[in-house]
Amino acid sequence: MLPYIAEFIGTFMLILLGDGVCCNVSLNKSGMQGAGSIQITFAWGLAVLIPACIFGAASGASFNPALTIALAAIGRFSWAMVPGYIVAQVAGAFCGGIFLYILFLDQFKATKDDPGAMRGVFCTGPSVRNLPLNILSEAVGTFVLVFAILGFGNVDSAGGIGNLYVFGLIVSIGMSLGGLTGYAINPARDFGPRLAHAVLPIEGKGDSDFGYAIVPIVGPIIGGLVAAFLFQAIPW
């Protein structure tokens, strides 16, 4: 039971801190409104780092269905645990989105005339809507994520230093590729908060754009699988 609890709480924290910075930067009447993409990318790196340090020993700190599936596909994780992990990850992300709405309630009220900004603090969206290229972007970003995480296992990560590698990895992917689709690189990170956006009584929120939701689901799973099988094929 502990691994599933860890994945739930870890993903909750991931969204609380990651989408939290999006709320800070994007919503009206936030004290950090307009801080920009540098703050967002660094904060997302920290949003991964912190729960990874807490829950790495308990669950492996996946917090990402694409990573969970990729590890199972190459025999580094039990397929029997995959459904429970995915449910825990999506549920944690959903609850994180709900809690952020409560915290930033006044800021959401002040942003009611900008539905795009309100949806954007929950889930990702493309700068140019082109679904094949958007899927490719998410696949490439997740390929880098999964391949690098596997590669970090080849170096000394004593004392939890591997978590710092992952922090740098998230920041790098965000700064280099994030402008294309918002770099979900994680189906739970997008779908859980998107579902929260859909059910919450947010005034003026507009559409939750589930027509785009396939991109941050399919792209990361494809990219993660390709990365895992390629890494496995290399005679290290």
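Refer to the structure above for everything that follows.
Residues numbered from 1 in each chain as written. Predicted model: local features only at pLDDT ≥ 70, side-chain atom pairs only at ≥ 80, totals over all residues. Heavy atoms only, no water.

*Asks:* Quick question: what am I supposed to make of the packing of helix α3 (residues 65-73) against helix α10 (residues 215-233) here?
*Replies:* Two measures define how a pair of helices packs: the angle their axes make with one another and the distance between the axes. Interhelical geometry of α3 versus α10 gives an angle of 35° and a closest axis separation of 8 Å. As α3 packs across α10, the resulting crossing turns out to be right-handed. Contacts between α3 and α10 pair A66, I69, A70 and A73 from the former with P220, I221, G224, L225, A228 and F229 from the latter. In terms of residue class, the contact of α3 with α10 is made up of 9 nonpolar, 1 polar and no charged. (Axes fitted to C-alpha atoms, helices over the stretch in contact; angles between N-to-C directions. Helix = DSSP H or I, 4+ residues; strand = E, 2+ residues; numbered from the N terminus. Left-handed = near helix turned anticlockwise from the far one by under 90°. Contact = heavy atoms within 4.5 Å. Nonpolar A, V, L, I, M, F, W, Y, C, P; charged D, E, K, R; others polar.)

*Asks:* Help me understand the packing of α3 against helix α4 (residues 82-103), please; the structure alone is not making it clear to me.
*Replies:* Closest axis-to-axis distance for the α3/α4 pair is 10 Å, and the angle between their directions is 170°. It follows from the interaxial angle that α3 and α4 lie roughly antiparallel. Of the residues in α4, those touching α3 at P65, T68, I69 and A72 are V82, Y85, I86 and Q89. Considered class by class, the residues forming the contact of α3 with α4 number 6 nonpolar, 2 polar and no charged. (Parallel < 35°, antiparallel > 145°, perpendicular 65-115°, else oblique.)

*Asks:* Sorry, what's going on with the nonpolar core here?
*Replies:* A general feature of soluble globular proteins is that nonpolar side chains tend to end up buried together. W44, F108, F122 and I170 are the most contacted members of the largest nonpolar core, which has 38 residues in total. The set of elements that each furnish at least two residues to this core consists of α1 (2-26), α2 (37-59), α4, α7 (131-152) and α8 (161-181). Considering each element in turn, this core owes the most residues, 8 residues, to α1. Among the nonpolar cores identified, the runner-up in size contains 14 residues, and L67, I69, L71 and I74 belong to it. (Core = buried A, V, L, I, M, F, W, Y, C linked by side-chain atoms within 4.5 Å. Buried < 20%, exposed > 50% of the residue type's maximum accessible area, 1.4 Å probe, protein only.)

*Asks:* What am I meant to see in the packing of aromatic side chains here?
*Replies:* Between two aromatic rings, the relevant description is the distance of the centres plus the angle of the planes. A complete count under the given rule lists 12 aromatic pairs for this structure. A ring pair is formed by Y4 and Y85, whose centres lie 5.6 Å apart and whose planes are at 80°; its orientation type is edge-to-face. Here Y85 lies in helix α4 and Y4 lies in helix α1, a separation of 81 residues in the sequence. An aromatic cluster is defined as three or more aromatic residues linked by ring pairs; in this entry it consists of F143, F147, F231 and W236. (Phe/Tyr/Trp six-rings, centres within 6.5 Å; stacked < 30°, edge-to-face > 60°.)

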